[in-house]
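Listed below are the residues making up each chain.
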Amino acid sequence: MSILMLSDEQKMLQKMVRDFATQEVVPEIERMETEDRFPKELIQKMGELGLMGVPIPEAYGGSGMSYTSYIQVIHEISKFSATLGVILSVHTSVGTNPILYFGTEDQKQQYIPKLARGEYLGAFALTESGSGSDASSMKTTAKLIDDMYVLNGSKVFITNGGEADTYITFARTGDAPKDISAFIVEKNAPGFIIGKKEKKMGLHGSNTVEIIFENCRIPKENLLGERGNGFKIAMANLNIGRIGIAAQGLGIAEAALNYAVTYAKEREQFGKPIAANQGISFKLAEMATNVESAKLLTYQAAALIEAGKQCNKETSMAKMLATKTAMKNAIEAVQVFGGYGYTKEYPVERLFRDAKVTEIYEGTNEIQHIVIAKHLLKDEGVHG
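Residues numbered from 1 in each chain as written. Predicted model: local features only at pLDDT ≥ 70, side-chain atom pairs only at ≥ 80, totals over all residues. Heavy atoms only, no water.

Positionally, Met-201 belongs in the loop between β6 (192-197) and β7 (208-219). What makes Met-201 exposed here is its relative accessible area of 53%. (Helix = DSSP H or I, 4+ residues; strand = E, 2+ residues; numbered from the N terminus. Buried < 20%, exposed > 50% of the residue type's maximum accessible area, 1.4 Å probe, protein only.)

Here it is in structure tokens:
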């Protein structure tokens, strides 16, 4: 489906998200920025609107919409707040979907309705201080003792950490490099400790914390999927998570373009709007072209996921281009605004800070290059 041909349902969804963002999100942005305040009330309202479980089946309390519609929500909301965009992306893609795809029916019934309605917030605990891109080198362990798994170790850079109710957690259950298992860990589990909160350049209002497991005990029933199958679960859901970050990057890139166009038409120098200068108009033209390119790649990848197709290459392409465009457009928007762009008085300064991390998390763009190249070499090129 072309993004230029939204269904009536998607047009209504788009309008609802824009109205919500304009009326509810925009007034809270300054508090999120200055106080680094986690937007609990906004998340609650998003749950009431059905936005916390857009692609989750209605049978499990979700909205039952398409995966493309879910990506559309992240795209739209990230134009106003990249912070809310990443909170939603992590919650749905890697915080809820692993249970939906790999959980038992009891696990689905216990957790997914609460997550889909926004009563619970989800998080994903994979990264460690010594294992980022190389997830198979993690040190956190899980040992089965009687009827409980006992976890020891730590995780870092956990989005939604400290606020989330459930954490999809990965730990080593054997000596082989990929002998890793996945678990559903609740925030009130004994031995589950929230460590330091990171002070970030951007995405203020989004909690990023360290998590520590000190003989953390969870029921053996909280094993997610089969024992030793955690690496497969992690990789499957990271692929889905990447398209969410692509949508976030797309929202940032489009917001930067919109602000730059408006400012260039209003700001006058030498007796005319700066948009009349070729140096500025060419910047805007390139920014707009890059946005459209990223949009097509992102929505194509979403459509492939929706159709159940293998699309690791396409999601990596979308993530790489959309986030690169977010960073480039944010830089150019600051340039168009000139000295004002470097001040907190104007929103492009926030976009500049928010954009950079999109090139890093959910797999660095260097990792995306590796993924794309491997598929190209294996498939012997690009096929239409």
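Take the pairing of β7 next. For strand β3 (residues 148-159) and β7, the ladder comprises 9 bridges, and the chain directions are antiparallel. Its bridge partner being in β7, Met-148 is matched across the sheet by Pro-219. As paired strands, β6 and β7 are joined by 4 bridges and run antiparallel to one another. From the neighbouring strand, Lys-197 faces β7, where its bridge partner is Val-209. (Pairing = 2+ DSSP bridges.)

Before going further, it helps to spend a moment on unusual backbone geometry. Look at Phe-270: it is not a glycine, yet its phi comes out positive at around 55°. Assignment of secondary structure puts Phe-270 in the loop between β9 (268-269) and β10 (272-273). Even without being glycine, Glu-362 reaches a positive phi, approximately 55°. Residue placement: Glu-362 occurs in the loop between α11 (348-356) and α12 (365-379).

Turning to its location among the elements, Gly-161 is positioned in the loop between β3 and β4 (166-172). Classification of Gly-161 by relative accessible area gives buried; the value is 0%. Gly-161 sits 26 residues away from Lys-187 along the chain, and the two C-alpha atoms are 9.4 Å apart. Apart from residues no more than four positions distant in its own chain, Gly-161 is found in contact with Tyr-167, Asn-207 and Val-209. (Contact = heavy atoms within 4.5 Å.)

The next point concerns the packing of helix α4 (residues 67-78) against helix α9 (residues 278-306). Put simply, α4 and α9 touch, their axes get as near as 8 Å, and they point 145° apart. Crossing of α4 against α9: the hand is right-handed. Across from Tyr-67, Thr-68, Ile-71, Gln-72 and His-75 in α4, the residues of α9 making contact are Lys-295, Thr-298, Tyr-299, Ala-302, Ala-303, Ile-305 and Glu-306. (Axes fitted to C-alpha atoms, helices over the stretch in contact; angles between N-to-C directions. Left-handed = near helix turned anticlockwise from the far one by under 90°.)

Attention now moves to the packing of helix α1 (residues 8-25) against α4. Where α1 meets α4, the axes come as close as 10 Å, and the angle between the chain directions of the two elements is 30°. With respect to α4, the element α1 is oriented roughly parallel. At the point where α1 passes α4, the crossing takes the right-handed sense. The segment α1 lies against α4, with Gln-10, Leu-13, Gln-14, Val-17, Arg-18 and Phe-20 engaging Thr-68, Ser-69, Gln-72, Val-73, Glu-76 and Ile-77. Here the residues of the contact of α1 with α4 are counted per class, giving 5 nonpolar, 5 polar and 2 charged. (Parallel < 35°, antiparallel > 145°, perpendicular 65-115°, else oblique. Nonpolar A, V, L, I, M, F, W, Y, C, P; charged D, E, K, R; others polar.)

What follows is about the nonpolar core. Met-46, Tyr-67, Ile-71, Leu-126, Phe-170 and Ile-243 are the most contacted members of the largest nonpolar core, which totals 90 residues. The leading source of residues in this core is helix α8 (residues 230-266), at 18 residues. Those residues in contact with Tyr-67, other than ones at most four positions away along the chain, are Pro-55, Ile-240, Ile-243, Ala-302, Ile-305 and Glu-306. Grouped together as the second largest cluster of nonpolar side chains are 19 residues, Tyr-149, Val-185, Phe-213 and Leu-223 included. (Core = buried A, V, L, I, M, F, W, Y, C linked by side-chain atoms within 4.5 Å.)

Within the secondary structure, Ala-302 is located in helix α9. For Ala-302, a relative accessible area of 0% translates into the label buried.

Tracing the sequence through the fold places Thr-92 in helix α5 (residues 82-94). Thr-92 has contacts with Met-52, Pro-55, Tyr-70 and Asn-97, leaving out every residue within four places of it along the chain.

Glancing now at the packing of aromatic side chains. Scanning all chains against the criterion turns up 9 aromatic pairs. Note on Phe-337 and Tyr-346: the rings are 5.5 Å apart at their centroids and 65° apart in plane angle, and the pair reads as edge-to-face. Overall, Phe-337 belongs to the buried group, its relative accessible area being 5%. Looking at Tyr-346, the relative accessible area reads 24%, which means it is partly exposed. (Phe/Tyr/Trp six-rings, centres within 6.5 Å; stacked < 30°, edge-to-face > 60°.)

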